[in-house]
Amino acid sequence: VYVNYGMPDDYKELARLGVSVKGKIVIVRYGAGWRGLKPELAYQHGAIGCLIYSDPRDDGYFTGDPYPVGPTRPPEGVQRGSVAKMQLYPGDPTTPGYGSVPGAKHLPLKDVKTILEIPVLPISYADATPLLKAMGGPDAPESWRGALPFTYHVGAGPAKVHMVVKSDWSLKPIYDVIAKLPGSSDADQWVLRGNHHDGWVFGAFDPLAGTIAMLGEAKAMGALYKQGWKPKRTIVYASWDGEEPGLLGSTEWAETHAKELQQKAVAYVNSDTNGRGILFAGGSHSLQHMVNQVAAGVTDPETRASVQQRQRAYLDVKAAEKSASPMLKESAKLAGANGDIPISPLGSGSDYSAFLEHLGIATLDLGFGGEANQGGVYHSRYDSFDHFDRFGDPGFKYGVALAKVAGHIVMRIAGSEVLPMRFGDFSSTLDRYVDQLHKQADSARKAADAQHKLLDAGAYKLAADPLHPVAPPERLSDVPKIDFAPLDTAAKKLKASAQAYEKAYNARAEKGLDIPASQLAQVNQLMGTLEQRLLDEQGLPGRPWYKNMVQAPGELTGYAPKTIPAVHEALDARDWSRADKYAGVTATVLDNYRA
Ligand SMILES: [Zn+2]
């Protein structure tokens, strides 16, 4: 059965067409949601196997000339990638929540919750073509059609697949490389900086483009050190292993040293892939102002404007487009109002996850991109030096730019008198996230009302083509009033408190700070651990490893972030009492943060 992107709405559509995947192998295209959810959802609907392919509509000739002429995915290109259920927890599947070190207890495979129940294989569109061509059944709905030159059918069958998957289940060692430069006065405050070093094949773009930038920073700091420079705080550089199979190296290291990290680590700065284009920054909103200051001081190698000026121009142009998302428009408005370009929330998909979402350490993820069309070689054997040198970052100029941005950020955090966190940015962003929940509930209510009217009037039946019948959709549940009041109040109080802090800080800073040493230590101790107050020990419903109540990877979106996730996902799941409950839980967390 062809299931389009294999997301929840696709299965609803399939049910209306009267096609079931029970006992079948599904073929699904990449896109619209994280790859690991595709086989999982297929399994939940009764499928016994899953093939994932890259359709040229999303990833191939439809988006630009294929390699070797251009950068996009050639017919034989296969996107590998982990399909472990990282929405539950990342890292070694057999050691949830604790370090996978020699002597650790490993769960038997049958008890592991993050391993899929059905076999899955990624294939190229060259290999998917004969299978899709041989499908019968109803024509695929319009939005399901890819860019291959034949009519897409849904099935089931008559195409038959014989699927064999052999897996190596043995344990193997992996190697993180950790380097420490001790701080001169505050050695027990650590600034962490990491990038992974493992790749699916050659890995020029993913991860070496980020790794070379990180090594460039380390080399520069080494040269400064030899000239007598010493950071105030300890700097820790980490080259992670095993990121691709499931954020193994970073997660296991973070879990092994959890206690020490929660005492000492004041920030984690991550990067991964890097290419030509605009600076992307995501993570803790308390670091937003500092990221803007640094971006204003680094020159964009292509235009010679500052990295921040380019970011701003890009944001303004995109936000002015007719198709701009409300989120993008709001970001442009915010950037116009206070000058700082908002950073994005983070989901998952790189090594920041354990630091931000499990331990509550202020985190940034950085990288340039958007101009190189690098996606075409993502996680394939075409991600080579030749490809990167010709399309990714000719001359490695953006590697240098990333080293400057990330290196300056690390040095600022490690060297500042008072840690450079600001809370006004966090509270204004939080307002937006709460507002989005209101809007989500309102639009769910409207959609349910509209659908009920159509169902009650028999409109779906009457409008359908009798020769190609499509059943009416399943009736949506009514949406009651959700009690967002505790969240609204918490957000309001937080805003007032953040504004008062900024006012006091600015007044003091004007006079040159000059804080007594004992007070300074207290302030820094508070700032360095404040992000941990956003954790709830119980974690998110059904996935206790994720403790950050402000940002998390989506349960049904995978890498993409969900903000105020416990409430957001309760609304997605139409579990209204759960939404009520977690509006309260999240409000308590925010009150605790404010206090
Ligand atoms: Zn990577």
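Residues numbered from 1 in each chain as written. Predicted model: local features only at pLDDT ≥ 70, side-chain atom pairs only at ≥ 80, totals over all residues. Heavy atoms only, no water.

Student: Please provide a residue-by-residue account of the overall build of the protein chain, values included.
Tutor: Counting its secondary structure elements, the protein chain contains 18 helices and 11 strands. A compact globule built from 595 residues would reach a C-alpha radius of gyration of about 25 Å, and the protein chain, at 25 Å, matches this within 12%. Judged by the C-alpha coordinates and their principal axes, the protein chain covers about 80 × 55 × 55 Å. Once local pairs closer than 6 in sequence are excluded, the contacts in the protein chain between residues at least 24 apart make up 75%. When the accessible surface of the protein chain is totalled, it reaches about 26400 Å², and 57% of it is carbon and sulfur. Between the averaged position of the 64 positive side-chain charges in the protein chain and that of its 67 negative side-chain charges there is a distance of 2 Å. (Helix = DSSP H or I, 4+ residues; strand = E, 2+ residues; numbered from the N terminus. Rg over C-alpha atoms; globule rule 2.2 N^0.38 Å. Contact = heavy atoms within 4.5 Å. Areas by Shrake-Rupley, 256 points an atom, 1.4 Å probe, with all protein chains shown as cover. Lys, Arg positive; Asp, Glu negative; His and termini not counted. Charge placed at Lys NZ, Arg CZ, Asp CG, Glu CD.)

Student: I'd like a rundown of unusual backbone geometry, residues and numbers included.
Tutor: A cis amide bond links Gly 157 with the next residue in sequence, Pro 158, at an omega value of 0°. Within the secondary structure layout, Pro 158 lies in the loop between helix H3 (125-133) and strand E4 (177-181). A cis amide bond links Asp 206 to the next residue, Pro 207, at an omega of 15°. Position of Pro 207 relative to the elements: it lies in helix H4 (residues 204-226). In this structure, Leu 247 is a non-glycine residue whose phi angle is positive, near 50°. Structurally, the position occupied by Leu 247 is in the loop between strand E6 (233-240) and helix H5 (248-256). Its identity is not glycine, yet Ile 564 carries a phi of approximately 40°, on the positive side. Here Ile 564 lies in the loop between strand E11 (558-563) and helix H17 (565-572). Given a relative accessible area of 1%, Ile 564 falls into the buried group. (Buried < 20%, exposed > 50% of the residue type's maximum accessible area, 1.4 Å probe, protein only.)

Student: Give a description of the pairing of strand E7 (residues 265-271) that names residues and reports values.
Tutor: In terms of residue burial, E7 counts as a mostly covered element, since seven of its seven residues are buried. Pairing of E7 with strand E9 (residues 363-370), which is carried by four bridges, proceeds in the parallel orientation. What sits directly across from Tyr 268, in E9, is Thr 363. (Pairing = 2+ DSSP bridges.)

Student: Please give an account of the coordination of the zinc ion that cites residues and values.
Tutor: Donor atoms from the polypeptide that bind the zinc ion are His 196 (NE2), Asp 206 (OD), Asp 272 (OD) and Asp 272 (OD), placed at 1.9 to 2.5 Å. Around the zinc ion, the four donor atoms are arranged such that angles at the metal cover 55 to 145°; this shape is classified as irregular. Look at where the donors of the zinc ion fall in the sequence and you get H-x9-D-x65-D. Of this pair, His 196 sits in strand E5 (residues 186-196) while Asp 206 sits in helix H4, placing them 10 residues apart in sequence. We classify His 196 as buried; its relative accessible area is 0%. (Donors = N, O, S within 2.8 Å, 3.2 Å for Na, K, Ca; no water. Tetrahedral: all angles 85-135°; square planar, octahedral: opposite > 155°, others 65-115°.)

Student: Report on the sheet that holds strand E8 (residues 277-283), specifying residues and quantitative values.
Tutor: The strand order across the open sheet built from six strands is E4-E6-E5-E7-E9-E8, with neighbouring strands paired in mixed fashion. Strands with a single pairing partner mark the edges of an open sheet, and in this sheet they are E4 and E8. Within this sheet the neighbouring strands show an average axis-to-axis angle of 20°, counted without direction. Where E5 lies against E6, eight bridges are found, and the strand directions are parallel. Across the sheet, the residue bridging to Asn 195 is Ser 239, located in E6. Those strands touched by helix H12 (residues 397-415) are E5, E6, E7, E8 and E9, and its axis lies near 165° from that of E9. (Axes fitted to C-alpha atoms, helices over the stretch in contact; angles between N-to-C directions.)

Student: How would you summarise the sheet that holds strand E3 (residues 120-123) if you had to cite specific residues and measurements?
Tutor: Read across the open sheet, the three strands follow the order E1-E2-E3; overall the sheet is parallel. Two strands lie at the open edges of the sheet, namely strand E1 (25-29) and E3, each paired on one side alone. Sheet twist, expressed as the average angle between the axes of neighbouring strands with direction ignored, equals 20°. As defined by bridge partners, E1 adjoins strand E2 (residues 49-53) across five bridges and the pair is classed as parallel. The partner of Ile 25 across the bridge, within E2, is Gly 49. Against the sheet, helix H2 (residues 37-44) makes contact with E1, E2 and E3, and its axis sits at roughly 145° relative to E2, the strand it touches most.

Student: Which residues make up the packing of aromatic side chains, and what values go with them?
Tutor: In this description, an aromatic ring pair is defined by two values, namely the gap between the centres and the angle between the planes. Per the counting criterion, the structure on display carries 19 aromatic pairs. A centroid spacing of 5.8 Å and a plane angle of 50° characterise the contact between Tyr 2 and Tyr 152, whose relative ring orientation is tilted. With Tyr 2 in the segment before helix H1 (8-16) and Tyr 152 in the loop between H3 and E4, this residue pair connects regions lying 150 residues apart in the sequence. As far as burial versus exposure is concerned, Tyr 2 and Tyr 152 are alike and both buried. Through successive ring pairs, a cluster of aromatic residues spans Phe 423, Phe 426, Tyr 501, Tyr 505 and Tyr 593. (Phe/Tyr/Trp six-rings, centres within 6.5 Å; stacked < 30°, edge-to-face > 60°.)

Student: Go over the packing of H4 against H12, please, and point to the residues and values.
Tutor: Running from N to C, H4 and H12 cross one another at 55°; their axes reach a closest spacing of 8 Å. Of the possible angle classes, the one that applies to H4 and H12 is oblique. The two elements H4 and H12 cross, and the hand of that crossing is right-handed. On H12, the residues touching Gly 210, Ala 213, Glu 217, Met 221 and Leu 224 of H4 are Gly 399, Leu 402, Ala 403, Ala 406, Gly 407, Val 410 and Met 411. Counted by class, the contact of H4 with H12 contains eight nonpolar, three polar and one charged residues. (Parallel < 35°, antiparallel > 145°, perpendicular 65-115°, else oblique. Left-handed = near helix turned anticlockwise from the far one by under 90°. Nonpolar A, V, L, I, M, F, W, Y, C, P; charged D, E, K, R; others polar.)

Student: Give me the lowdown on the nonpolar core, citing residues and values where you can.
Tutor: Where a protein is soluble and globular, its nonpolar side chains tend to be buried together. Counting residues in each nonpolar core, the largest one holds 98 residues, and the members touching the most others are Leu 192, Leu 261, Phe 355, Ile 409, Leu 487 and Val 567. The element contributing the most residues to this core is H12, with 10 residues. Three or more residues apiece are contributed to this core by two domains, here domain 2 (186-309 + 344-421) and domain 3 (425-464 + 477-594). Apart from the residues within four sequence positions on either side, Leu 192 is in contact with Val 236, Trp 253, Leu 261, Ala 265, Ala 267, Tyr 268, Val 269 and Phe 355. With 40 residues, the next largest nonpolar core counts Tyr 30, Ala 42, Met 86 and Met 163 among its residues. (Core = buried A, V, L, I, M, F, W, Y, C linked by side-chain atoms within 4.5 Å. Domains from an automatic or database assignment.)

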